[in-house]
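If you want the building blocks of each chain, they are given just below.
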Amino acid sequence: MRFDVVSIFPEYLAPLDLSLIGKARTQGLLELAVHDLRSHTVDRHRTVDDTPYGGGAGMVMKAEPWAQSLAQIAAASPVSDGAKPTLIVPSPAGEVFNQQLAYELAAEEHLVFACGRYEGIDERVLEWAAEEYNVRPVSLGDYVLNGGEVAVLAMVEAIGRLIPGVVGNPESLVEESHADGLLEYPVYTKPSSWRGRDVPEVLLSGNHGKIAKFRKELQLRRTAVRRPDLIAALDVAAFSKADKNVLWELGYAIVNGRAVQRDAVVEPD
Ligand code: SAM
């Protein structure tokens, strides 16, 4: 899999040389190149921005350096005939990045990231790029960053770790938060008793069935408290009786395969 990142601050992406992503690059599991947008400017000041048409605060990134850079990357794309590479444009106005999108993007052959700065990139670049790319504006969350680089660091890490071989034990990807629509259960390590706090007894029992049941219950409890929106999105039709009982205890009724807060269920007259 290949990643290309375009930025006016290429050095911002240096952490991608480190840890599991850095190791995966060394091992050839993924290729990653960072490009300086300013190398596609022609003036002495290497200008990449200008004032916005229509007025307003801030500056807008000029179209031409982006077109030059993206055309060069598309021309060298490893994507085979007929298909297009995907251009991710980090933006607080994009679809929100999540684990499902990370899985979807990890199946692609070539991802290109266009890091915006200032008030963003001239909108015509996104329209123009659609000829060569599948263009996806993607947001890290509902807040505003100064630039796309931090969002790219997060996305490359989340996507990259799903590439086979990047994470040593593939089992750890299965049991994580968001893998099954729930948050992960709490985890503990040695010593079993620490500053007067004991690890839950069942985790020391060696009984794998009981441990799995206990952990699922904790997943449901933690998710209900911290992310009730995730509980509402669950397909609970195939849940075990025990899991449905936990949901009931947490205040949910099962209606048409969905967990619905009991106080929101209106009784017929
Ligand atoms: N004026 C833009 C708006 O209100 O939608 C925000 C521009 S922001 C200051 C500059 C750049 O930071 C954006 O072009 C984008 O690349 C990046 N950025 C900011 N917030 C982001 C977020 N939540 N997710 C992804 N990228 C973000």
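One can find the structure itself at the top, above this paragraph.
As the structure is a prediction and not an experimental result, all values here were calculated from the model.

Caption draft 1: Focus on the overall build of the protein chain. Looking only at helices and strands, the protein chain features 9 helices and 11 strands. What you see for the protein chain is a C-alpha radius of gyration of 23 Å, clearly larger than the 18 Å of a compact globule of 269 residues, by over 25%. Projected onto the principal axes, the alpha-carbon positions of the protein chain cover approximately 70 × 55 × 45 Å. Relative to its full complement of 269 residues, the protein chain shows a buried share of 38%. For the protein chain, the share of sequence-separated contacts (at least 6 apart) that also reach a separation of at least 24 residues comes to 70%. Treating the 27 positive side-chain charges of the protein chain as one cloud and the 38 negative ones as another, the clouds have centres 8 Å apart.

Caption draft 2: Structural context of the pattern of salt bridges. The tally for this structure, following the rule as stated, stands at 12 salt bridges. One salt bridge in this structure joins aspartate 4 and arginine 2, with 2.9 Å as the shortest N-O distance. Under the relative-accessibility criterion, aspartate 4 is labelled buried at 1%. Given a relative accessible area of 18%, arginine 2 falls into the buried group. If you follow the salt bridges from partner to partner, you end up with Arg2, Asp4 and Glu31 in one network.

Caption draft 3: Examining helix H2 (residues 63-75) more closely. For H2, with 13 residues, the first-to-last C-alpha span of 18 Å sits near the 18 Å given by 1.5 Å per residue. Of the positions making up H2, those classed as buried are Pro65, Trp66, Ala67, Ser69, Leu70, Ile73 and Ala74. On its buried face, H2 sits against strand E1 (2-7), strand E2 (31-36), strand E4 (60-61), strand E5 (86-96), strand E6 (110-114) and helix H4 (123-129).

Caption draft 4: Here's a closer look at the packing of aromatic side chains. Applying the stated rule across the entire model yields 1 aromatic pair. Seen in terms of ring centroids, phenylalanine 3 and phenylalanine 113 are 6.2 Å apart; in terms of plane orientation they differ by 10°. Their pairing is stacked. Within this pair, whereas phenylalanine 3 is found in strand E1, its partner phenylalanine 113 is found in strand E6, the two being separated by 110 residues in sequence. On the basis of relative accessibility, which here comes to 0%, the residue phenylalanine 3 falls in the buried class. For phenylalanine 113, a relative accessible area of 0% corresponds to the buried category. The ring of phenylalanine 239 carries lysine 216 above its face, with NZ or CZ at 4.4 Å from the centroid. The residue whose ring lies beneath arginine 262 is tryptophan 248, and the NZ or CZ to ring-centre distance is 3.9 Å.

Caption draft 5: A look at the sheet that holds E6. With parallel pairing, 5 strands are arranged side by side in an open sheet as E2-E1-E6-E5-E7. Pairing within the sheet leaves two strands with one partner each, and these edge strands are E2 and strand E7 (134-139). Strand-to-strand twist in this sheet, taken as the mean axis angle between neighbours without regard to direction, amounts to 30°. Pairing between E1 and E2: 6 bridges, direction parallel. Of the residues in E2, the one forming a bridge with valine 6 is histidine 35. Packing of H2 onto the sheet brings it into contact with E1, E2, E5 and E6, and relative to E1 it is tilted by some 165°.

Caption draft 6: Structural detail: the site of the ligand. The ligand sits among 18 residues. The nearest are Pro90, Glu119, Leu140, Tyr143 and Leu145. Within the backbone of serine 91, one N or O atom sits 3.3 Å away from a nitrogen atom of the ligand. Residue leucine 145 places a main-chain N or O atom 2.9 Å away from a nitrogen atom belonging to the ligand. Considering the ligand on its own, with 580 Å² of exposed area, one finds that the protein chains cover 82% of that surface. If you list the elements that add at least two residues to the shell around the ligand, you get E5 and E7. In terms of residue class, the shell around the ligand is built from 9 nonpolar, 8 polar and 1 charged.

Criteria and cut-off values
Residues numbered from 1 in each chain as written. Predicted model: local features only at pLDDT ≥ 70, side-chain atom pairs only at ≥ 80, totals over all residues. Heavy atoms only, no water. Helix = DSSP H or I, 4+ residues; strand = E, 2+ residues; numbered from the N terminus. Rg over C-alpha atoms; globule rule 2.2 N^0.38 Å. Buried < 20%, exposed > 50% of the residue type's maximum accessible area, 1.4 Å probe, protein only. Contact = heavy atoms within 4.5 Å. Lys, Arg positive; Asp, Glu negative; His and termini not counted. Charge placed at Lys NZ, Arg CZ, Asp CG, Glu CD. Salt bridge = Lys/Arg side-chain N within 4 Å of Asp/Glu carboxyl O. Expected span 1.5 Å × (residues − 1). Phe/Tyr/Trp six-rings, centres within 6.5 Å; stacked < 30°, edge-to-face > 60°. Lys NZ or Arg CZ within 6 Å of the ring centre and 35° of its normal. Pairing = 2+ DSSP bridges. Axes fitted to C-alpha atoms, helices over the stretch in contact; angles between N-to-C directions. Near = heavy atom within 4 Å. Polar contact = N/O pair within 3.5 Å; in protein donor to acceptor, adjacent residues only side chain to side chain. Areas by Shrake-Rupley, 256 points an atom, 1.4 Å probe, with all protein chains shown as cover. Nonpolar A, V, L, I, M, F, W, Y, C, P; charged D, E, K, R; others polar.

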